[in-house]
Amino acid sequence: MNPIERMYQGKCTVIELQSVTDPITKITSKIPIIVLENQPCKLSFSSTQTTKDSDGANKVTLIPKLFISPSIEIKSGSKITVVQDERMYEFCKSGIPAVFSSHQEIQLELFQKYS
């Protein structure tokens, strides 16, 4: 375990929609499959401030980012459940990860449905 991974406070589970063929009916359907479970990670939030709305208030947006081992591959469209500080969050992968030798950073967005 590298020094950055020692700072991880959360655990994540990654679920992908995968095609599975029923052996009896031969019908293929997509079902959620857990591909990674209880993986150490760290969830971080940064914020951005946009221009003023018409009512004069600035809008602040929180941007979630997942820090995880660089050897993990999370496919686009996967559901990522993170448990950290006794809270559970559900996200999906939002962009291309920034991969470093010690960790990777994946920008996330709230999970709505499988894409």
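In this numbering scheme, every chain counts its residues from 1 along its sequence in written order. Totals for whole chains, interfaces and linings use every residue, but because this is a predicted model, local features are given only for residues with pLDDT of at least 70 and side-chain atom pairs only at 80 or more, for both listing and counting. Heavy atoms from the whole structure form the basis of all side-chain values; hydrogens and water molecules are not counted.

J.: Can you help me understand the overall build of the protein chain in this one?
T.: Helix and strand assignments come from DSSP, with helices taken as H or I runs of at least 4 residues and strands as E runs of at least 2, each series counted from the N terminus. Helix and strand counts for the protein chain come out as 0 helices and 7 strands. In this treatment the radius of gyration is a C-alpha quantity, and the globule benchmark scales as 2.2 Å times the residue count to the 0.38 power. The C-alpha atoms of the protein chain give 17 Å as radius of gyration, which overshoots the globular expectation for 115 residues (13 Å, by more than 25%). C-alpha extents for the protein chain along the principal axes are approximately 60 × 40 × 25 Å. Per-residue burial for the protein chain yields a buried fraction of 30% across its 115 residues. Residue contacts are defined here by distance: any two heavy atoms, one from each residue, within 4.5 Å place the two residues in contact. The contacts in the protein chain between residues at least 6 apart in sequence include a share of 50% that link residues at least 24 apart. Surface summary for the protein chain: the accessible area is close to 7,800 Å², and the carbon and sulfur share equals 52%. A residue counts as positive if it is Lys or Arg and as negative if it is Asp or Glu; His and the chain ends are not included. Positions of charges follow a simple convention, taking NZ of Lys, CZ of Arg, CG of Asp or CD of Glu. For the protein chain, the distance from the average position of its 13 positive side-chain charges to the average position of its 12 negative side-chain charges is 2 Å. The buried label applies to any residue whose accessible area, calculated with a 1.4 Å probe on protein chains only, is under 20% of its type's maximum; exposed applies above 50%, and partly exposed to all values in between. For the area figures, the Shrake-Rupley method with a 1.4 Å probe applies, and any residue is considered shielded solely by the protein chains shown.

J.: When you look at the state of the cysteines in this model, what are you seeing that I'm missing?
T.: Such a bond, covalent and formed between the sulfur atoms of two cysteines, is termed a disulfide. Disulfide assignment relies on a single distance test, namely cysteine sulfur atoms paired within 2.5 Å. Following the criterion strictly, the structure yields 0 disulfides and no others. Here Cys 92 stays free of any disulfide, with the sulfur of Cys 12 as its closest cysteine sulfur at 14 Å. Residue classification places Cys 92 among the buried residues on the basis of a relative accessible area of 12%.

J.: I would appreciate a short explanation of the pattern of salt bridges in the present structure.
T.: Where charged atoms of side chains with opposite charge meet at close range, the side chains can pair. Salt bridge, as applied in this entry: a Lys or Arg side-chain nitrogen positioned within 4 Å of an Asp or Glu carboxyl oxygen. Scanning the model with the defined rule gives 3 salt bridges in all. The partner of Lys 65 in a salt bridge is Glu 105, with the nearest N and O atoms 3.5 Å apart. Taken together, the residues Lys 65 in strand E3 (residues 58-68) and Glu 105 in strand E7 (residues 104-110) connect sequence positions 40 residues apart. For Lys 65, a relative accessible area of 28% translates into the label partly exposed. Judged by relative accessible area, which is 19%, Glu 105 ranks as buried.

J.: Where do I start with the environment of Leu 110 in this structure?
T.: Counting through the fold element by element, Leu 110 comes out in strand E7. Each C-alpha atom, one on Leu 110 and one on Glu 16, is 16 Å from the other, the two residues being 94 residues apart in sequence. Those residues within four positions of Leu 110 in sequence are excluded, and the remaining contacts are Glu 90, Phe 91 and Cys 92.

J.: What am I meant to see in the environment of Gln 112 here?
T.: Relative to the elements of secondary structure, Gln 112 occurs in the segment after E7. Between the C-alpha atoms of Gln 112 and Cys 92, which are 20 residues apart in sequence, the distance is 8.3 Å.

J.: Could you clarify how one ought to interpret the side chain of His 103 in this entry?
T.: Residue placement: His 103 occurs in the loop between strand E6 (98-99) and E7. Side-chain atoms alone can form a polar contact between residues adjacent in sequence; in general such a contact is a pair of N or O atoms within 3.5 Å, and within protein one must be able to donate a hydrogen while the other accepts it. Side-chain polar atoms of His 103 contact the side chain of Glu 105, separated by 2.9 Å. In this view, His 103 contacts Ile 4, Tyr 8, Phe 67, Ile 68, Pro 70 and Ala 98; residues no more than four positions away in its chain are not counted.

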